[in-house]
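Reading the structure
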Amino acid sequence: MLHGKGTFKWTDGTLYKGEFRENEITGKGTYHWSDGSTYKGQVMNGLRHGQGTYINTEEGVEYEGQWVNGMRDGYGELRYKNGSVYQGNWQKGMKWGKGKMTYASGNFYEGNWENNKRNGHGTMNWVTSNEKYTGNWVDNLQSGFGTHIWLDSSTAYKLLRNRYVGY
């Protein structure tokens, strides 16, 4: 039986270094896949499970956070090579619950997510066009009641004319 610390290599080039318990890859360890991606953290029954960091340079992503049965689940941070960052909750590998997405442009959304999309209540700030929407979202679209503001810094009185409140 595999038990204790060791190294296991598959024929496809995948390599695992870490802990084994009663013939299972369980404990702390590091995976190296043939595509160059890596995972370092907690493992259970051969799957990413617990706290860990996954890096895939080919896809240009780095995730640090919670895993359940091989999928992002719980709180975590996903960084993209273009500079975008998501910080928030995950469920079964998807953005789900409260979270904040900061895009490479500097624009950001903070609020509810479901199925990797803005769903529920949230606020989108477009710093590039000086706009802000706070309200309901359905599948990444403003939907339902909300307030959209187009900010104009030339005078305080224009703020009232550059506001839409409604459905």
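The rules behind each value
Residues numbered from 1 in each chain as written. Predicted model: local features only at pLDDT ≥ 70, side-chain atom pairs only at ≥ 80, totals over all residues. Heavy atoms only, no water. Helix = DSSP H or I, 4+ residues; strand = E, 2+ residues; numbered from the N terminus. Buried < 20%, exposed > 50% of the residue type's maximum accessible area, 1.4 Å probe, protein only. Contact = heavy atoms within 4.5 Å. Core = buried A, V, L, I, M, F, W, Y, C linked by side-chain atoms within 4.5 Å. Patch = residues over 30% accessible without salt bridge, like charges linked within 9 Å, V, L, I, M, F, W, Y side chains within 5 Å. Areas by Shrake-Rupley, 256 points an atom, 1.4 Å probe, with all protein chains shown as cover. Salt bridge = Lys/Arg side-chain N within 4 Å of Asp/Glu carboxyl O.

Considering the arrangement of structural elements, one finds K28 in strand β3 (residues 24–32). Judged by its relative accessible area of 55%, K28 falls in the exposed class. As a C-alpha pair, K28 and L47 span 19 residues in sequence and 11 Å in three-dimensional space. Among residues more than four places away in sequence, those in contact with K28 are Y16, G18, E19, G41 and Q42.

Take the nonpolar core next. In terms of nonpolar packing, the biggest core is built from 19 residues, with Y16, I25, Y31, Y39 and V43 touching the most fellow members. Mapped onto this core, the elements with two or more residues apiece are β2 (15–21), β3, β4 (38–44), β6 (61–68), β8 (85–91), β10 (108–114) and β12 (131–138). Top element by residues in this core is β6. It accounts for 3 residues.

A cluster of nonpolar side chains, contributed by L2, F8 and W10, occupies part of the molecular surface with about 250 Å² of accessible area. Inspection of the secondary structure assignment puts L2 in the segment before β1 (4–9).

So, on to unusual backbone geometry. With a phi angle near 55°, N115 is a residue other than glycine that sits in the positive phi range. Structurally, N115 is set in the loop between β10 and β11 (117–126). Classification of N115 as partly exposed rests on a relative accessible area of 37%. Positive phi outside glycine occurs at N130, with the angle close to 60°. When you line up the elements, N130 lands in the loop between β11 and β12. The class of N130 is partly exposed, set by a relative accessible area of 37%.

Nothing here speaks to function; it is geometry throughout.
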